[in-house]
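Examination of the molecular architecture
So you can see what is in the structure, the chains are spelled out below.
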Protein chains: 2
Amino acid sequence: MMTDQLIIGVDIGGTKCAVCVADTSGNILHRYGEPTGGDDRSPEEILASLSAGVDRLLIENGINRSRLLGAGVSCGGPLDTTTGIIYAPPNLPRWQAVPVKRLIEEHLKVPVRVENDANATALAEWKFGAGIGARNLVFMTMGTGIGGGIIADGRLIHGANDLAGELGHQTVLINGPLCGCGKRGCLEALASGPSIARLAKDSTRQGRNRVVLPMAGGRVEDITARHIVESAKQSDPFALAILEEAGTYMGLGIANIIQILNPEVVILGTIAVHAGDLILEPIRRAVGEYAWKRSADVCRIVPAALEDRAQDLAGIALWLQE
Amino acid sequence: MMTDQLIIGVDIGGTKCAVCVADTSGNILHRYGEPTGGDDRSPEEILASLSAGVDRLLIENGINRSRLLGAGVSCGGPLDTTTGIIYAPPNLPRWQAVPVKRLIEEHLKVPVRVENDANATALAEWKFGAGIGARNLVFMTMGTGIGGGIIADGRLIHGANDLAGELGHQTVLINGPLCGCGKRGCLEALASGPSIARLAKDSTRQGRNRVVLPMAGGRVEDITARHIVESAKQSDPFALAILEEAGTYMGLGIANIIQILNPEVVILGTIAVHAGDLILEPIRRAVGEYAWKRSADVCRIVPAALEDRAQDLAGIALWLQE
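Residues numbered from 1 in each chain as written. Chains lettered and ligands numbered in written order. Predicted model: local features only at pLDDT ≥ 70, side-chain atom pairs only at ≥ 80, totals over all residues.

Right, let's talk about the domain arrangement of chain A for a bit. Residues and elements named next belong to chain A. Along its sequence, chain A is carved into domain 1 (6–127 + 309–317) and domain 2 (133–304). For domain 1 versus domain 2, the distance between C-alpha centres works out to 28 Å. Every contact between the two is made by 13 residues of domain 1 and, on the other side, 15 residues of domain 2. With 7 residues, helix H3 (residues 117–128) is the largest single contributor of residues to the side of domain 1 that touches domain 2. When grouped by side-chain class, the residues that make up the side of domain 1 that touches domain 2 number 7 nonpolar, 4 polar and 2 charged. (Domains from an automatic or database assignment. Contact = placed C-beta atoms within 7 Å. Helix = DSSP H or I, 4+ residues; strand = E, 2+ residues; numbered from the N terminus. Nonpolar A, V, L, I, M, F, W, Y, C, P; charged D, E, K, R; others polar.)

Another point: the sheet that holds strand S12 (residues 265–268) of chain B. Residue and element names in this part refer to chain B. The mixed open sheet is built from 5 strands, whose spatial order is S11-S10-S9-S12-S13. Looking at strand neighbours, the two that pair on one side only are strand S11 (155–156) and strand S13 (300–303), the edges of this open sheet. Bridge count for strand S9 (residues 137–140) against strand S10 (residues 148–152) is 4 bridges, and the pairing is antiparallel. Residue Met 140 lies in a different strand from S10, and its bridge partner there is Gly 148. Helix H3 (residues 117–128) contacts S9, S10, S11 and S12 of the sheet and is inclined by roughly 50° relative to S10. (Pairing = 2+ DSSP bridges. Axes fitted to C-alpha atoms, helices over the stretch in contact; angles between N-to-C directions.)

Another point: helix H8 (residues 237–261) of chain B. Taking 1.5 Å per residue as the helical rise, H8(B) with its 25 residues ought to reach 36 Å, and the 35 Å between its terminal C-alpha atoms agrees with that figure. Backbone geometry just after H8(B) places Asn262(B) at a positive phi near 55°. (Expected span 1.5 Å × (residues − 1).)

This part covers unusual backbone geometry. For the bond running from Gly77(A) to Pro78(A), omega is 5°, close enough to zero to count as cis. Within the fold, Pro78(A) resides in the loop between strand S4 (68–75) and strand S5 (79–80). Of note in the backbone geometry, Asp153(B) takes a positive phi value of approximately 45° without being a glycine. As for its placement among the helices and strands, Asp153(B) is situated in the loop between S10 and S11. The phi dihedral of Asn175(B) is positive, around 60°, even though this residue is not glycine. You can see Asn175(B) is positioned in the loop between S11 and helix H4 (188–191).

To continue, consider the interface of chain A and chain B. Contact residues are listed per partner, giving 36 residues for chain A and 36 residues for chain B. Sorting the residues of the side of chain A that touches chain B by element identifies helix H8 (237–261) and helix H11 (293–296) of chain A as the ones contributing at least two each. When grouped by side-chain class, the residues that make up the side of chain A that touches chain B number 19 nonpolar, 11 polar and 6 charged.

What follows concerns the pairing of strand S3 (residues 28–35) of chain B. Residue and element names in this part refer to chain B. The sheet contact formed by strand S2 (residues 16–23) and S3 spans 7 bridges and is antiparallel. Across the sheet, the residue bridging to Ala 22 is Ile 28, located in S3. Connecting S2 to the antiparallel partner S3 that follows it, the hairpin turn spans 4 residues, and Gly 26 within it adopts a positive phi of roughly 85°.

This brings us to the nonpolar core. Generally speaking, nonpolar side chains in soluble globular proteins are found buried as a group. Residues Ile228(A), Ala246(A), Ile228(B) and Ala246(B) are the most contacted members of the largest nonpolar core, which totals 220 residues. Ile228(A) has contacts with Ile196(A), Ala200(A), Val212(A), Ala239(A), Ile242(A) and Leu243(A), leaving out every residue within four places of it along the chain. (Core = buried A, V, L, I, M, F, W, Y, C linked by C-beta atoms within 7 Å. Buried ≥ 20, exposed ≤ 12 C-beta atoms within 10 Å, placed from the backbone.)

Mapping chain A onto chain B calls for a rotation angle of 180° and an axial translation of 0.0 Å; the resulting RMSD is 0.0 Å. Both copies of the chain, as the preceding transformation shows, are related through a two-fold rotation axis. Nearest to the rotation axis, the C-alpha of Val172(A) is located 3.3 Å from it, this being the minimum over chain A. (Least-squares fit on C-alpha atoms with pLDDT ≥ 70 in both.)

Let us look at the environment of Asp277(B). Within the fold, Asp277(B) resides in helix H10 (residues 277–290). Between the alpha carbons of Asp277(B) and Val302(B) there is a distance of 9.5 Å; along the sequence they are 25 residues apart.

The next subject is the sheet that holds strand S6 (residues 85–86) of chain B. All names here are of chain B. Pairing within the open sheet is antiparallel, and its 3 strands lie in the order S5-S6-S7. With partners counted over all chains shown, the strands left at the sheet margins are strand S5 (79–80) and strand S7 (98–99), one partner each. With 2 bridges connecting them, S5 and S6 associate as antiparallel partners. Across the sheet, the residue bridging to Asp 80 is Ile 85, located in S6.

With that settled, the discussion passes to helix H5 (residues 193–205) of chain B. Side chains of residues three or four places apart in an α-helix project in the same direction, reflecting 3.6 residues per turn. Residues and elements named next belong to chain B. End to end, H5 covers 18 Å across 13 residues, agreeing with the expected 18 Å (1.5 Å per residue, within 8%). Those residues of H5 that fall on the buried side of the exposure criterion are Gly 193, Ser 195, Ile 196, Ala 197, Leu 199, Ala 200 and Lys 201. Structurally, H5 contributes buried residues whose contacts are with H4, helix H6 (212–215), helix H7 (225–233), H8 and helix H9 (271–275). Within two residues after H5, Gly 207 carries a phi angle of roughly 80°, on the positive side.

This part is about the packing of helix H7 (residues 225–233) of chain A against H8(A). Residues and elements named next belong to chain A. Close contact between H7 and H8 brings their axes to 7 Å; oriented N to C, the two are set at 120°. Relative to H8, H7 is oriented oblique. Between H7 and H8 lies a crossing whose hand is left-handed. Between H7 and H8, the residues in contact are Ile 228, Ser 231 and Ala 232 and Ala 239, Leu 240, Ile 242 and Leu 243, respectively. Its residues assigned to classes, the contact of H7 with H8 comprises 6 nonpolar, 1 polar and no charged. (Parallel < 35°, antiparallel > 145°, perpendicular 65-115°, else oblique. Left-handed = near helix turned anticlockwise from the far one by under 90°.)

We now examine the packing of helix H1 (residues 43–60) of chain B against helix H2 (residues 100–108) of chain B. All names here are of chain B. Between H1 and H2, whose axes approach to 10 Å, the crossing angle comes to 35°. When the axes of H1 and H2 are compared, the crossing they make is right-handed. Here Glu 44, Leu 47, Ala 48, Ser 51 and Val 54 of H1 come into contact with H2, specifically with Val 100, Leu 103, Ile 104, His 107 and Leu 108. Classifying every residue of the contact of H1 with H2 gives 7 nonpolar, 2 polar and 1 charged.

Turning next to the confidence of the model for chain A. Of the residues in chain A, 99% reach a pLDDT of 70 or more, and the chain-wide mean stands at 95. Interface predicted TM-score (ipTM) for the complex: 0.95; the corresponding pTM is 0.96. (pLDDT = per-residue confidence, 0-100.)

This part takes up the pairing of strand S8 (residues 112–116) of chain B. Residues and elements named next belong to chain B. Burial analysis of S8 places 4 of its 5 residues in the buried class, the great majority of the element. As paired strands, strand S4 (residues 68–75) and S8 are joined by 5 bridges and run parallel to one another. Paired with Ser 74 across the strands is Glu 115, a residue of S8.

Next up, the structure:
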C-alpha cells in the first residue's frame, strides 16, 4: 500500500458526528465534528453536512482527491454492509433505510464502506490498538450495551445478514433479568453499564449502600455504573461486590466465546477501561472457571487501548482489513 | 479445478479406519477399511497400513498418482492443522503427538491436510450435504459428545490453536451437571447422547419410566439415547419429555451460537438425524425463544444429510474449501 494514500473516516453517533482524514498508519491528520442534532435534521442533511466537511478539510489542506483510498463509515446497526444501507439504529431512530454508502459516494466520488460501530472498532483495535498482530480477536463494548466484533483467522466476520458479533445477547442466565432486547438473561442484562447501575439501585433501595448514594446526589435513580466504579476505587465493599457479580457473568460470557471462537485476545471497552483490574480480575477468574485451560491459556483479556481515538479510527480501519 | 483430479480421504476413528479415493464432486470411487485395533497397533503401524491400502487402491484401479490433488485426514482432536500433529484424542489414547501429516506424506508422496473430525464433517456437509451453497454454516455433532465446526463468511474457522468450534462446551446452565470435560453445565452435559441417557436413568430409578426399561433388557444402566428416541417414536410421554428437555438446552446453545455467528444454517448430526422432529421441534422452539427473530429468521436448523457417507467425505472435503 502506498504510504501517501489517505482514508476518510466518518463516525455517525447518536449525539455527535465527525469526519477525519488519516494516513494508512492511523495518524489522524485533519478532523471536523458537529452535533448529530437529534430530530432537527434529516439523515440526508447530516450526510450532506459531513460530506461538505470533508470537502473543506481536503481544500483547506490542499489534498488531492487522487490520494484517497476510500471512506469508511462507522455507525450503529442494524445495517447492510453490502448495500451500505442503515436501518434505524436505536441511537438514530430517524434513520430508516438510509442508503449511506450511495449518498456519500455521490458526494465525495470515492468508494465508501459501511460497518456497524462495534465491528469497526474491533478492526481499529486490531490495526492500531490492543490487538495488533493477532489473527483471532474479539472486541466487546461494555457500556450502555454489550456489542462485539469478531476477527477470526484474520478476517472480520459478518454472518448471513450482518448480525454476527451480537455477543451481549447470548443467554447466560436462564430466566434472568429482562434485557433491553426483549429476551431474558442476556449477558447485556447482567454486565452492561445500566445492568451494573440496576444492581446498585436495587441494593441501595434495600439499604445496603453507604458510599455510592452521595455520589449520585442522594438520588437512587441517578446512580450510574461510573459511580460504582469510582466507589470501588475507594475500596467500597458494596461497589466491589457489584463489579464482582457483573464481572463473573461477563467472564462466563467471554468463556463461551472462547470455547466457540478460540481467540488469542479479547479486548474490552468502556467499563473495563475505567475500572481496570477491579472488573478484569473477576472476569479473568470466571474465564478460568468456565473456559478450557487449553483455550484460556492462549487468550489475553485486556482493556481497549484506543479510548477517545477509537471512534475516529473505526472508519479508517475499514480500509485496512486485507 | 480439473474434473479428472482425485482426492484421498483418510478417516481415523476410535474403532475403525478407512481410506477412500473420490473425485472432486464427492463421488467415492474406491474404498478400503480396517479396524483401528485398540492397543494392538502403534499409530505408525496403523498409518503404514492405511497408506498401503491407498497404494493398493491406486494400483488395482490403474490410477496415476499425478491425478491426486492431495490427501485429507479426519481425526479426533486436539490436533495442530499447521503441523499436522495429532495430540492424544480421547478415542485414540495411544496417539501422543503423532506427526500424521509428515508420515502420510512420506508414504504417499502427496500433500496431506489434517483436520479434526467435527470441522472436516462441517466441510463435507457444506460441500456435499445439508449446507450446499451456504456461506455461514455451523455443524454440530449430537452423539457421544457435542462437537462442532464453523464456516464463517465462506471459510472454516480454526482459532488461535485449533480449538474453535467447541460448541458443546459453552456453559448453558450455571452449576449444572458435571461434564466429561470437568466443567459444569456445558451444553454437552445437558443434550448429548450420554446426557439424554442420564436423564432417562435418573427418572427410571425414580420409577417414572414405563416403555424404555424393557428396551434396555430391564437394566437401568443399559438405557441409551437410542432407546429414548425409539420410545419417543412410540409416543411414550416419558421419552418425549426427555427429548423436550434436552432439545430445549440444545436450542438455547444454538441460539447463543446464532447470536454470535449469525449462520444461515445449523446442521445437527446423529441424534437429530435419528429423532428428527421429535428433537428438532423443541430445538427450534427454544431457538425462537432465545435468539433474535432477525437472526433466527434467516437460519435453518436441519439434520445432517450425509449420514454414513460423512466419514469418508470428511477427508475429501478438506481439499475443496477454496
